[in-house]
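Residue-level structure breakdown
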Amino acid sequence: MHPDSNELSRQRFQAALKLWGWPIALGLLSASGLVSALVSDSWGDAWAWFALGLPVLVMTRYALRR
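Bringing the overall build of the chain into the picture now. Regarding its fold elements, the chain presents two helices and zero strands. In summary, the chain has a C-alpha radius of gyration of 18 Å against a globular reference of 11 Å for 66 residues, an excess of more than 25%. Summarising its shape, the C-alpha atoms of the chain cover approximately 60 × 30 × 10 Å along the three principal directions. For the chain, with 66 residues in total, the buried portion stands at 12%. For the chain, the exposed surface amounts to about 5900 Å²; the carbon and sulfur share of it is 69%. Between the mean site of the 6 positive side-chain charges and the mean site of the 4 negative ones, the chain shows a separation of 17 Å.

So, in structure tokens, the structure goes:
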């Protein structure tokens with residue numbers, strides 16, 4: 001039996017989310033850090049350090065595992 005189109009669409013969405021979920025989240029985090037670094041002071045600087053540093057830490061972790 002063939003799954004109906006709604007089931008197929010849901011499966012495709014879940015597969016895409018599984019593949020692209022973390023890269024999109026890290027990209028949004030980086031973008032918010034860049035904007036925060038440009039337009040805010042004090043707490044914005046702290047957020048920028050966190051938001052820009054976390055993707056670097058994640059990439060370093062995965063690079064060292066290989």
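Back to the text.
Taken as a whole and judged by the stated rule, the model has one salt bridge. The shortest N-O distance in the salt bridge between Arg10 and Glu7 comes to 2.7 Å. With a gap of three residues between them, Arg10 and Glu7 both fall in helix H1 (residues 5–39), about one helical turn apart. The partly exposed category is assigned to Arg10, whose relative accessible area is 41%.

Right, let's get into the packing of aromatic side chains. Tallied over the full model, the rule gives one aromatic pair. Taking the ring centre of Tyr62 as reference, the NZ or CZ of Arg61 above it sits at 5.2 Å.

Further remarks concern a nonpolar patch on the surface. Residues Trp43, Trp47, Phe50, Leu54 and Leu57 make up a contiguous nonpolar surface patch of roughly 550 Å² in combined accessible area. Position of Trp43 relative to the elements: it lies in helix H2 (residues 43–65). Given the relative accessible area of 62%, Trp43 is considered exposed.

This paragraph deals with H1. Where H1 bends most, at Trp20, the angle is about 50°, and the proline Pro23 comes one to four residues later. Those residues of H1 not exposed but buried are Leu29, Gly33 and Ser36. Elements that come into contact with the buried residues of H1 comprise H2.

Quick notes on the rules
- Residues numbered from 1 in each chain as written.
- Predicted model: local features only at pLDDT ≥ 70, side-chain atom pairs only at ≥ 80, totals over all residues.
- Heavy atoms only, no water.
- Helix = DSSP H or I, 4+ residues; strand = E, 2+ residues; numbered from the N terminus.
- Rg over C-alpha atoms; globule rule 2.2 N^0.38 Å.
- Buried < 20%, exposed > 50% of the residue type's maximum accessible area, 1.4 Å probe, protein only.
- Areas by Shrake-Rupley, 256 points an atom, 1.4 Å probe, with all protein chains shown as cover.
- Lys, Arg positive; Asp, Glu negative; His and termini not counted.
- Charge placed at Lys NZ, Arg CZ, Asp CG, Glu CD.
- Salt bridge = Lys/Arg side-chain N within 4 Å of Asp/Glu carboxyl O.
- Phe/Tyr/Trp six-rings, centres within 6.5 Å; stacked < 30°, edge-to-face > 60°.
- Lys NZ or Arg CZ within 6 Å of the ring centre and 35° of its normal.
- Patch = residues over 30% accessible without salt bridge, like charges linked within 9 Å, V, L, I, M, F, W, Y side chains within 5 Å.
- Bend = angle between axes of the 7 residues up to and from the residue.
- Contact = heavy atoms within 4.5 Å.

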